[in-house]
Amino acid sequence: MQSISPTSIFRGNDAWVEALPKITELSKRPLVLGRSLKTALLRNKICKDLKDRNLNVYLENLQFDCCYEDIFRIESIILQNKCDSIIASGGGKVLDAGKYLAENLSIPCITVPLSAATCAGWTALSNIYTPNGQFIEDIQLNSCPKILVFDHNFIQTAPVRTLASGIADALAKWYESSLTSSTINDGIVQQAVQISRVLRDQLLIDGKNAVNNQSDSNQAWKNTIEACGLTAGLIGGIGGEMCRTAAAHAFHNALTQIISSKKYLHGEIVGVGILLQLRLEEMKNNNKLANQLIKQLLILMKELNLPTTISELGIDVFDSNNLEIIADFTCRDKSEIHYLPFKINKQDIIEVITNYEKQEISI
Ligand SMILES: [Zn+2]
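Quick notes on the rules
- Residues numbered from 1 in each chain as written.
- Predicted model: local features only at pLDDT ≥ 70, side-chain atom pairs only at ≥ 80, totals over all residues.
- Heavy atoms only, no water.
- Helix = DSSP H or I, 4+ residues; strand = E, 2+ residues; numbered from the N terminus.
- Rg over C-alpha atoms; globule rule 2.2 N^0.38 Å.
- Buried < 20%, exposed > 50% of the residue type's maximum accessible area, 1.4 Å probe, protein only.
- Contact = heavy atoms within 4.5 Å.
- Areas by Shrake-Rupley, 256 points an atom, 1.4 Å probe, with all protein chains shown as cover.
- Donors = N, O, S within 2.8 Å, 3.2 Å for Na, K, Ca; no water.
- Tetrahedral: all angles 85-135°; square planar, octahedral: opposite > 155°, others 65-115°.
- Arc of directions from axis to C-beta.
- Axes fitted to C-alpha atoms, helices over the stretch in contact; angles between N-to-C directions.
- Parallel < 35°, antiparallel > 145°, perpendicular 65-115°, else oblique.
- Nonpolar A, V, L, I, M, F, W, Y, C, P; charged D, E, K, R; others polar.
- Phe/Tyr/Trp six-rings, centres within 6.5 Å; stacked < 30°, edge-to-face > 60°.
- Lys NZ or Arg CZ within 6 Å of the ring centre and 35° of its normal.
- Core = buried A, V, L, I, M, F, W, Y, C linked by side-chain atoms within 4.5 Å.

### Focus: the overall build of the protein chain
Looking only at helices and strands, the protein chain has 13 helices and 8 strands in total. Its C-alpha radius of gyration of 20 Å places the protein chain within 12% of the 21 Å reference for a compact globule of 363 residues. If one aligns the C-alpha atoms of the protein chain with their principal axes, the spans along those axes are about 60 × 40 × 40 Å. Considering the protein chain as a whole, with its 363 residues, one finds that 57% of them fall into the buried category. If you take every contact in the protein chain between residues at least 6 apart in sequence, the share linking residues at least 24 apart comes to 75%. Split by element, the accessible area of the protein chain, about 15300 Å² in all, is 49% carbon and sulfur.

### Some remarks on the coordination of the zinc ion
Surrounding the zinc ion are the protein donor atoms Asp-169 (OD), Asp-169 (OD), His-249 (NE2) and His-266 (NE2), which sit 2.1 to 2.8 Å from the metal. Coordination geometry of the zinc ion: the 4 donor atoms subtend angles of 50 to 145° at the metal centre, consistent with an arrangement described as irregular. For the zinc ion, all donor residues lie on one chain, and their spacing in sequence is D-x79-H-x16-H. Placement of Asp-169 in helix 6 (residues 160–180) and of His-266 in helix 10 (residues 266–284) is noted, with a sequence separation of 97 residues between them. There is no split in this pair, since Asp-169 and His-266 are both buried.

### Details of the environment of Ile-238
Its place among the elements puts Ile-238 in helix 8 (residues 219–239). Between the C-alpha atom of Ile-238 and that of Val-189, which follows or precedes it by 49 residues, the distance is 7.0 Å. Excluding anything up to four places from it in sequence, Ile-238 contacts Gln-2, Ile-4, Ile-188, Ala-192 and Ile-195.

### Thoughts on helix 12 (residues 322–330)
Listed in full, the buried residues belonging to helix 12 are Asn-322, Leu-323, Ile-326, Ala-327, Phe-329 and Thr-330. On an axial view of helix 12, the arc spanned by its buried residues comes to 165°, and they lie on one face.

### Structural notes on unusual backbone geometry
Positive phi outside glycine occurs at Asn-54, with the angle close to 65°. Mapped onto the elements of the fold, Asn-54 is located in the loop between helix 2 (40–51) and strand 3 (58–61). A positive phi is found at Ser-320, a non-glycine position, where the angle reads about 35°.

### Brief notes about the packing of helix 6 against helix 9 (residues 247–255)
Two elements in contact, helix 6 and helix 9, have axes whose closest approach is 8 Å; the angle formed by their N-to-C orientations is 130°. Comparing their axes, helix 9 and helix 6 come out oblique. Residue-level contacts link Asp-169, Ala-172 and Glu-176 of helix 6 to Ala-247, Ala-248 and His-249 of helix 9. Here the contact of helix 6 with helix 9 is composed, by residue class, of 3 nonpolar, 1 polar and 2 charged.

### Let's talk about the packing of aromatic side chains
Within the structure shown, the criterion is met by 4 aromatic pairs. Taking 6.4 Å as the distance between ring centres and 40° as the angle between the ring planes, the aromatic pair formed by Trp-16 and Phe-154 counts as tilted. Residue Trp-16 is found in helix 1 (residues 15–26), and its partner Phe-154 is found in helix 5 (residues 152–156); the two are separated by 138 residues along the sequence. Residue classification places Trp-16 among the buried positions, given a relative accessible area of 1%. Directly above the ring of Tyr-129 sits Lys-93, whose terminal nitrogen or CZ lies 4.4 Å from the centroid.

### A few points about the nonpolar core
If you look at the biggest cluster of nonpolar residues, it comprises 78 residues, and the most contacted ones within it are Ile-167, Ile-274, Leu-280, Leu-340, Ile-349 and Ile-353. In terms of residue count, helix 6 provides more of this core than any other element does, 10 residues in total. Here Leu-280 is in contact with Ala-247, Phe-251, Asn-285, Ile-337, Leu-340, Phe-342, Ile-344, Asp-348, Ile-349 and Val-352, once residues within four sequence places are set aside. With 26 residues, the next largest nonpolar core counts Ala-88, Leu-101, Ile-107 and Ala-120 among its residues.

Pasting the structure below:
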């Protein structure tokens, strides 16, 4: 069974207001889930609008990332208060926690992304981390959210850094799925991969303009936030498990195992992962275009102020046994790296990272 998309999607400047009657129909005792203090005002507005419609509203925040500790704590709050839906409003970690909880408790999930950093508002997937932000596993859910509210006015309040991060994460769709699906004959998967190519092209064209002018009157901005928040999710929905993530996300998951002093966003780490994946393709799969593709991406990533090396993520791979930890995690049994159409071992990872971190690429 495949869940392709949320049952209802509201998008545009008034998406939240337009969604209110549908939410009221669905739920009388929603729990509004959030995390960041920076988005507290928006959540207060969401709660007020729901209370004005005579709903019993409960508000809870994650204390950490999307981790089992937070999930179990909030699960008991939902049960105690007999909440009949979850309205997850925030970034990817909040959306993932909301979806996981809703599925566990068999209640509907309404996702209200407050940035374009992720397509988690769309997908039937939850990534689970430790309270420190180290990746543990991704959980495939039975269904996408019941309602997705993609309100442009909400998204517009997010820091520009979240949009740049969302662009990097959405770009990964093409670089990963085109590689993993190269041996798959399923037509639907091939079509999903082609959508990811168009998505990549649009981001290369519009990304810089979108980041420089975050306004709903800017078509490039509108296209870009919807590409990151909606289309990226659609590709996962259509392509399903076969349209998989590959090395870029495997590198992301491994890099989160090293705790650095500053916290980086999911897409910021995935972006570095794409560059490492391309270098890996060049070294192990004889991809003669890889170096050109790296240069093309570096131009955009620098314009977007995205990190482009592991050291820019605050991690010294040559310090203590960091390189070993990253290589071990990248090559663990359950890793996405094994979806690559060529074999990779720990030594390859050590080699590619060492080579990449020491090089200087002129663009
Ligand atoms: Zn991602």
